[in-house]
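Results of the structural survey
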Amino acid sequence: MMFNADNVFNSVIAASAISAAYELEIFEILESHEIFYLENFCTEKELHKESVKAIVDALCCFKILEFTPELQIVRQGESFQSVVLYKGYFLWLIRGYGYCLQNLASLCKIENRGDDFLKRDGKYIAIAGRDYGKNFVDSYFDRIIENISFNTVVDLGCGSAERLVSLAKKYPGMRGIGIDINPEAVKVALSNVNSASVQDRIFMIEGDLKNLERRPEFEEVDLMFSFFNGHDTWPYDSCLKTMQSLRRIFPNVKRFLLCDTYRSNLIPSHKVPIFTLGFEFTHAVMGQYIPLQSEWMKLFLESGWICVNCREIGIPFSAIFELAPNH
Ligand SMILES: C[S@@+](CC[C@H](N)C(=O)[O-])C[C@H]1O[C@@H](n2cnc3c(N)ncnc32)[C@H](O)[C@@H]1O
């Protein structure tokens, strides 16, 4: 299979355009209305019309949108549904890791890799996680949750806290604690919790899951989960320490649902699926080791957790490991 430079170049622009169109609610409008008028849309939202038209044009190149110039009408193109389903990945890459993409060569130089050398945007990583979580994770999660009884839940690295909020709405007696290291993610989570009016049952802690201290409210926790941040605790010895300490800090947890993307070990080719290349690429630049699934399994055994089930989810090379304490 041959690729040409036109395609590669235009794909880069389309990726940014997808991320922006998602943020500007262009996709949302076209999901609820058949068409919109470019002029009216820009006036209502106080947007620069030429910039929005440029986004529309880039998306028309990939048949994601269609544009009728005489009437200035925008509508879904034939690729709309199949691409828009994945919009969270584009927002994650372009908005969350834009700094990494723009400064890639500089970040390769050892002299530039001091403390906090790579700026990620926690707000957009949290918003993106909520979207791809809804499309590719939640149905698997819901099926597991239905078979577990719980009263108090902690979500480690909760991002937008969407998972806790949805559970709180579904289970009126449930209480929840969201923990995240990123202040921007905590802001998104608090706003989400307040908008859903569940602030009396879910509270947020800005903290590092690798350095948590015991607290009285942690004694109540019987269900723990952690979605898409387990790899941040690697390499092996550091993750082992964290997994062992979580057992002490949350002594009454009966189930720990650890969901993460593991190393694909794929040979680079056009067959690498969406997300995998971006995930492995950005984490390599950050210097963050991504474990294989077999490495996770070895670690669970050693850290005092038994993996009672491992279910693949809708994100490539990703699974929910259902863990129980090994008493
Ligand atoms: C990819 S996002 C996933 C967010 C959320 N769990 C979800 O599934 O939508 C990873 C989250 O983990 C958080 N995180 C990473 N390392 C962490 C740590 N050591 N302690 C607490 N949170 C952490 C990040 O700030 C980010 O919000």
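Everything here concerns the structure above.
Cut-offs applied
- Residues numbered from 1 in each chain as written.
- Predicted model: local features only at pLDDT ≥ 70, side-chain atom pairs only at ≥ 80, totals over all residues.
- Heavy atoms only, no water.
- Helix = DSSP H or I, 4+ residues; strand = E, 2+ residues; numbered from the N terminus.
- Rg over C-alpha atoms; globule rule 2.2 N^0.38 Å.
- Buried < 20%, exposed > 50% of the residue type's maximum accessible area, 1.4 Å probe, protein only.
- Contact = heavy atoms within 4.5 Å.
- Areas by Shrake-Rupley, 256 points an atom, 1.4 Å probe, with all protein chains shown as cover.
- Lys, Arg positive; Asp, Glu negative; His and termini not counted.
- Charge placed at Lys NZ, Arg CZ, Asp CG, Glu CD.
- 1 Å grid on protein atoms, 1.4 Å probe; cavity = no way out; pocket = protein on both sides within 12 Å on 5 of 7 lines; lining within 4 Å.
- Points joined across faces, edges and corners; volume = space filled by probe spheres on them.
- Nonpolar A, V, L, I, M, F, W, Y, C, P; charged D, E, K, R; others polar.
- Pairing = 2+ DSSP bridges.
- Axes fitted to C-alpha atoms, helices over the stretch in contact; angles between N-to-C directions.
- Near = heavy atom within 4 Å.
- Polar contact = N/O pair within 3.5 Å; in protein donor to acceptor, adjacent residues only side chain to side chain.
- Sits in = over half its atoms within 2 Å of the grid points.
- Patch = residues over 30% accessible without salt bridge, like charges linked within 9 Å, V, L, I, M, F, W, Y side chains within 5 Å.
- Salt bridge = Lys/Arg side-chain N within 4 Å of Asp/Glu carboxyl O.

Secondary structure assignment for the protein yields 15 helices and ten strands. Its C-alpha radius of gyration of 21 Å places the protein within 12% of the 20 Å reference for a compact globule of 327 residues. Seen along its three principal axes, the alpha-carbon backbone of the protein occupies a region of about 70 × 45 × 35 Å. Split into buried and exposed, the 327 residues of the protein put 46% on the buried side. Sequence separation of at least 24 residues holds for 71% of the intrachain contacts in the protein that already meet a minimum separation of 6. By element, 52% of the accessible surface of the protein is carried by carbon and sulfur atoms, the whole surface being about 16700 Å². Put simply, the protein has 33 plus and 42 minus side-chain charges, and the middle of one group is 4 Å from the middle of the other.

Turning to empty space enclosed by the protein, a few remarks are in order. As enumerated under the stated definition, the model contains one cavity of 30 Å³ or more in all. Considered as a void within the structure, the largest cavity measures approximately 70 Å³ in volume. In terms of lining residues, the largest cavity is bounded by 13 residues, among which Leu209, Ser226, Gly230, Thr233 and Leu258 are the most central. Every element with two or more residues in the lining of the largest cavity is listed here: helix H13 (236-249) and strand E8 (255-261). Sort the elements by how many residues they give to the lining of the largest cavity and H13 lands first, with four residues. Taken together, the residues that form the lining of the largest cavity break down as eight nonpolar, five polar and no charged.

This part is about the sheet that holds strand E1 (residues 35-37). Within the open sheet, the three strands sit side by side as E1-E3-E2. Their pairing is antiparallel. If you trace the sheet from one side to the other, it starts and ends with E1 and strand E2 (65-68), each paired once. Within this sheet the neighbouring strands show an average axis-to-axis angle of 25°, counted without direction. Where E2 and strand E3 (residues 73-76) come together, four bridges link them in antiparallel fashion. Bridged to Thr68 within E3 is Ile73.

For the ligand, the set of nearby residues contains 19 residues, the closest of which are Gly157, Asp180, Asp208, Leu209 and Phe227. Measuring from a nitrogen atom of the ligand, one finds a backbone N or O atom of Ile181 at 3.2 Å. Separating a nitrogen atom of the ligand from a backbone N or O atom of Leu209 is a distance of 2.9 Å. The fraction of the free accessible surface of the ligand (600 Å²) that becomes covered by protein chains is 91%. A molecule is said to occupy a pocket when more than half its atoms come within 2 Å of that pocket's grid points, and by this definition the ligand occupies the largest pocket. It is helix H9 (residues 122-136) that contributes the most residues to the shell around the ligand, three residues altogether.

Take a nonpolar patch on the surface next. Together, Met1, Phe3 and Val8 make up a nonpolar patch on the protein surface, roughly 370 Å² of accessible area in all. Here Val8 is to be found in helix H1 (residues 5-23).

The next subject is the sheet that holds strand E7 (residues 223-227). Sheets are built from strands paired through backbone hydrogen bonds, the pairs being either parallel or antiparallel. Here we have seven strands laid out as an open sheet, ordered E6-E5-E4-E7-E8-E10-E9, and mixed in their pairing. Each edge of the open sheet carries a strand with a single partner, namely strand E6 (202-206) and strand E9 (305-312). Taking each pair of neighbouring strands and ignoring which way they run, the sheet shows an average axis angle of 20°. Here strand E5 (residues 175-180) runs beside E6; their pairing, made up of five bridges, is parallel. Counted as the bridge partner of Ile179 is Ile205 from E6. Helix H11 (residues 162-170) contacts strand E4 (152-156), E5, E6 and E7 of the sheet and is inclined by roughly 140° relative to E7.

As a further point, take unusual backbone geometry. In this structure, the amide linkage connecting Trp234 to the following residue, Pro235, adopts the cis form with an omega of 25°. Note that Pro235 resides in the loop between E7 and H13. One non-glycine residue, Asp116, lies in positive phi territory at about 50°. Checked against the element boundaries, Asp116 lands in the loop between helix H8 (104-108) and H9. The exposure class assigned to Asp116 is exposed, which follows from its relative accessible area of 71%. Its identity is not glycine, yet Phe228 carries a phi of approximately 65°, on the positive side.

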